[in-house]
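Each chain, written out:
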Amino acid sequence: HVQVVESGGGLVQAGGSLRLSCAASGSISRLNAMSWYRQAPGKQRNMVATVSRDGSTWYADSVKDRFTISRDNAKNTVYLQMNSLKPEDTALYYCKATNYDGDSYWGQGTQVTVSS
């Protein structure tokens, strides 16, 4: 089993920045992709960005050129640097760790609120 814990959320003004962190522990030797999702009230949860073990990344169009995902395999931690934040970025942000067998593990989420 894998435990996933997010941190770094908070309240920020529009145009500001935040960095989220996600630490994985437990049975991590077969971890592959680590991803960030977000879910706003009344909306579905959507992927924001993902990074594979080899460093390949993908971003949702809505965050390209503003968010950067990075990964420290030695620390089993993934980061999401969020710049130029907008009120529409307000959501509960979740981290998901996926292993090579396709099993996924979710964190509890961290709230990001962007005021206008």
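Heads up: the structure comes first, above all this text.
Just so you know, these numbers come straight off a predicted model, no measurement behind them.

Trainee: Looking at this model, I keep getting lost on the pattern of salt bridges. Mind explaining?
Mentor: Pairing between side chains of opposite charge can happen when the charged atoms of each approach one another. Going through the model one piece at a time under the given rule, you end up with four salt bridges. Salt-bridge contacts for Asp89 lead to Arg38; the nearest nitrogen and oxygen are separated by 2.9 Å. Here the residue Asp89 occupies a position in the loop between strand E8 (77-82) and strand E9 (91-99), and Arg38 occupies one in strand E4 (residues 31-39), the gap between them amounting to 51 residues. One exposure class covers both Asp89 and Arg38, and it is buried. With a shortest N-O distance of 3.2 Å, Asp61 and Lys64 are connected by a salt bridge. One network of salt bridges, with partners in common, ties together Arg38, Arg66 and Asp89.

Trainee: Would you take a moment to explain the packing of aromatic side chains for this structure?
Mentor: Both the distance between ring centres and the angle between the ring planes are used here to describe each pair of aromatic rings. Under the defined criterion, the tally for this structure stands at two aromatic pairs. Considering the side-chain rings of Tyr94 and Trp106, the 6.3 Å spacing of their centres and the 85° angle between planes classify their relative orientation as edge-to-face. In this pair, Tyr94 is assigned in strand E9 and Trp106 in strand E10 (residues 104-106), connecting sequence segments twelve residues apart. Overall, Tyr94 belongs to the buried group, its relative accessible area being 10%. Chaining the aromatic ring pairs together yields one cluster made of Tyr37, Tyr94 and Trp106.

Trainee: Where do I start with the environment of Ser52 in this structure?
Mentor: As for its position among the elements, Ser52 is in the loop between strand E5 (46-51) and strand E6 (57-59). Separated by 19 residues in sequence, Ser52 and Ala33 place their C-alpha atoms 4.1 Å apart. Those residues in contact with Ser52 that sit more than four places away from it in its chain are Asn32, Ala33 and Arg71. Within the structure, Ser52 has its side chain in polar contact with the side chain of Asp54 (distance 2.3 Å).

Cut-off values and rules
- Residues numbered from 1 in each chain as written.
- Predicted model: local features only at pLDDT ≥ 70, side-chain atom pairs only at ≥ 80, totals over all residues.
- Heavy atoms only, no water.
- Salt bridge = Lys/Arg side-chain N within 4 Å of Asp/Glu carboxyl O.
- Helix = DSSP H or I, 4+ residues; strand = E, 2+ residues; numbered from the N terminus.
- Buried < 20%, exposed > 50% of the residue type's maximum accessible area, 1.4 Å probe, protein only.
- Phe/Tyr/Trp six-rings, centres within 6.5 Å; stacked < 30°, edge-to-face > 60°.
- Contact = heavy atoms within 4.5 Å.
- Polar contact = N/O pair within 3.5 Å; in protein donor to acceptor, adjacent residues only side chain to side chain.

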